[in-house]
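# A look at the structure
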Amino acid sequence: MATIVGAITTSHIPLIGKAIARGWQNEPAWKPFFDAYKPVHDWLRTARPDVVVVVYNDHGLNFFLNSMPTFAIGAAAQYHNGDEGWGLPVVPPFPGDVDLSWHVIDSVVADEFDITTCQEMLVDHAFTVPMALLWPGAGSRPVRTVPIAVNHVQYPLPSPARCYKFGRAIGRALEAFDADVRVLVVATGGLSHQLDGTRAGFINRKFDLMCLDKIVRDPEAITRYSTRELVRESGAQGVELLTWLVMRGAVGGDVVARHCSYHVPISNTAAAVMILEKNCPTFAEAV
């Protein structure tokens with residue numbers, strides 16, 4: 001049966017992709033951010049995932065306001081990138097895992113989640129930047145992927161509680177997959193930020209640190225917020241925390257944070273990276 005080896009959360013802003021493309025990793029303004037991923041690279045060499053389920057939010061490359069699914073799952077043999085207008089280079093395609101994708105789709109529909117199935121799917125910076133952070137190197141494609149997009153743009157958005165339940169359904173699907181594969185769940189986005197309006201530049205460090213703690217020890221505490229309350233506390237784009245709740249539901253059970261870094265600011269965004277492992281005794285052992 002499939003094994004969920006753990007999860008990683010990471011920010012995904014376009015400027016990170018620009019810094020990677022221009023080789024700014026050791027520049028003083030960027031070095032602390034990129035250094036936080038070195039323990040992630042070490043952990044991945046030990047975890048050895050075969051497949052990565054990437055939970056992210058599309059920013060208009062594949063879906064737009066005229067057609068915005070609440071939840072969409074890719075079921076393609078490969079996933080192409082495209083020009084989003086950020087000045088990022090278009091990167092080579094990512095291999096998919098068609099069998100696992102269809103298994104997850106069948107399972108979550110049977111679990112009464114109505115999702116959009118995408119047999120063709122463009123993946124944007126919310127997918128490509130995290131993959132470049134986790135597996136640096138031009139064209140590095142060591143794992144197969146299953147993209148899962150969550151609506152963060154067009155209201156009404158799914159509630160935090162709904163996203164957590166969706167993640168639980170994904171977790172049940174992964175654990176029931178009849179193949180000897182090691183699965184990593186990656187959630188991308190956040191943390192607090194707002195890019196427009198009177199609160200442009202808004203960052204809520206206190207709320208972010210609370211979420212970093214609760215996502216490990218008590219994720220259901222975050223599910224008690226409404227979507228509007230998330231916007232109030234984390235900014236209009238801070239609702240990307242919803243992808244973290246999908247991930248946490250998928251991993252399920254008790255987890256431990258093996259690594260956590262919080263960095264402010266990167267492009268007016270509170271950036272964070274975290275490694276979660278299943279079935280470990282206590283959060284304190286990771287500190």
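It should be noted that the structure appears before, not after, this text.
Okay, so let's go over this structure. (Residues numbered from 1 in each chain as written. Predicted model: local features only at pLDDT ≥ 70, side-chain atom pairs only at ≥ 80, totals over all residues. Heavy atoms only, no water.)

### Points about the overall build of the chain
So the rule is basically this: Segments assigned H or I by DSSP are reported as helices when at least four residues long, segments assigned E as strands when at least two residues long, and all are numbered from the N terminus. Each radius of gyration is computed over the set of C-alpha atoms, and the globule rule expresses the reference value as 2.2 Å times the number of residues to the power 0.38. Relative accessible area decides the class of each residue, using a 1.4 Å probe on protein chains only: under 20% of the type maximum gives buried, over 50% gives exposed, and in between gives partly exposed. Residue contacts are defined here by distance: any two heavy atoms, one from each residue, within 4.5 Å place the two residues in contact. For accessible areas, the Shrake-Rupley method is used with a probe of radius 1.4 Å. Any residue's cover is judged against the shown protein chains and nothing else.
For the chain, the count of helices and strands is ten helices and ten strands. Computed over its C-alpha atoms, the radius of gyration of the chain comes to 17 Å, within 12% of the 19 Å expected for a compact globule of 287 residues. Overall, the C-alpha framework of the chain stretches about 45 × 45 × 40 Å when taken along its three principal axes. Across the 287 residues in the chain, those meeting the buried criterion constitute 55%. Counting only contacts in the chain whose residues sit at least 6 apart along the sequence, the fraction spanning at least 24 positions is 80%. For the chain, the computed accessible surface area is about 12100 Å², with 50% contributed by carbon and sulfur atoms.

### Here we look at a nonpolar patch on the surface
Keep this limit in mind: By definition, no residue in a patch forms a salt bridge, and every one has over 30% relative accessible area; like charges are joined within 9 Å, nonpolar side chains (Val, Leu, Ile, Met, Phe, Trp, Tyr) within 5 Å. Put simply, a salt bridge is a Lys or Arg side-chain nitrogen that is within 4 Å of an Asp or Glu carboxyl oxygen.
A contiguous nonpolar surface patch, about 280 Å² in accessible area, is contributed by Phe64, Leu65 and Val153. The residue Phe64 is located in the loop between strand E2 (51–56) and strand E3 (71–74) in this model.

### Concerning the side chain of Thr269
Residue position: Thr269 is located in strand E10 (residues 269–278). Leaving out residues up to four positions away in the same chain, Thr269 has contacts with Ile13, Gly190, Leu191, Ser192, His193, Ile203 and His263.

### A look at the packing of aromatic side chains
For the record, the criterion: Put simply, two rings from Phe, Tyr or Trp (the six-membered ring, in Trp's case) pair if the centres are within 6.5 Å, and we call them stacked under 30 degrees between planes, edge-to-face over 60, tilted for the rest. Two conditions define a charge sitting above a ring: the NZ of Lys or the CZ of Arg must be within 6 Å of the ring centre, and it must be within 35 degrees of the ring normal.
For the coordinates displayed, the defined rule picks out ten aromatic pairs. Ring geometry for Phe33 versus Phe34: centroids 5.2 Å apart, planes at 80°, classification edge-to-face. Note on accessibility: Phe33 and Phe34 belong to one class, buried. Among the aromatic residues, those joined into a cluster by ring pairs are Trp30, Phe33, Phe34 and Tyr37. The ring of Phe202 has Arg199 lying over it, and the distance from NZ or CZ to the ring centre is 4.2 Å.

### A short note on the environment of Val256
Within the fold, Val256 resides in strand E9 (residues 255–266). Between the alpha carbons of Val256 and Lys278 there is a distance of 6.7 Å; along the sequence they are 22 residues apart.

### Let's talk about the pattern of salt bridges
What the rule picks out here adds up to nine salt bridges. Note that Arg45 is salt-bridged to Asp42, the shortest N-O span being 2.3 Å. One end of the pair is Arg45 and the other is Asp42, both in helix H3 (residues 38–47) and three residues apart, which spans about a single turn. Asp42 gets classed as partly exposed once you look at its relative accessible area, which sits at 44%. The partner of Glu277 in a salt bridge is Arg258, with the nearest N and O atoms 3.0 Å apart. Here Glu277 is found in strand E10, whereas its partner Arg258 is found in strand E9, with 19 residues between them in sequence. Via salt bridges that share partners, Lys31, Asp35 and Lys38 belong to a single interconnected network.

### Re the state of the cysteines
For clarity, the cut-off: When the sulfur atoms of two cysteines come within 2.5 Å, that pair is taken as a disulfide.
Going through the model one piece at a time under the given rule, you end up with zero disulfides. Unpaired in this structure, Cys118 has its nearest cysteine sulfur neighbour in Cys163, at a distance of 17 Å. Unpaired in this structure, Cys211 has its nearest cysteine sulfur neighbour in Cys260, at a distance of 12 Å.

### Re the sheet that holds strand E1 (residues 3–10)
Where we set the bar: The pairing criterion is simple: DSSP has to find at least two bridges between the two strands. Working convention: axes come from line fits to C-alpha atoms, limited for helices to the stretch in contact. Angles between N-to-C directions cover 0 to 180 degrees.
Across the sheet, eight strands lie side by side as E6-E3-E7-E2-E8-E1-E10-E9; this open sheet has mixed pairing. Bordering the open sheet on either side are strand E6 (116–118) and E9, each of which pairs with just one other strand. If you compare each strand with its neighbour and ignore which way they point, the axes differ by 15° on average. Pairing of E2 with strand E8 (residues 182–188), which is carried by five bridges, proceeds in the parallel orientation. Looking at the pairing, Val52 lines up with Leu184 of E8. Sheet strands in contact with helix H4 (residues 98–110) are E2, E3, E6, strand E7 (144–150) and E8, and its direction is about 150° off that of E3. Across the sheet, helix H10 (residues 241–251) is in contact with E1, E2, E7, E8, E9 and E10; its angle to E8 comes to roughly 155°.

Everything listed here is a matter of geometry and, on its own, says nothing about what the molecule does.
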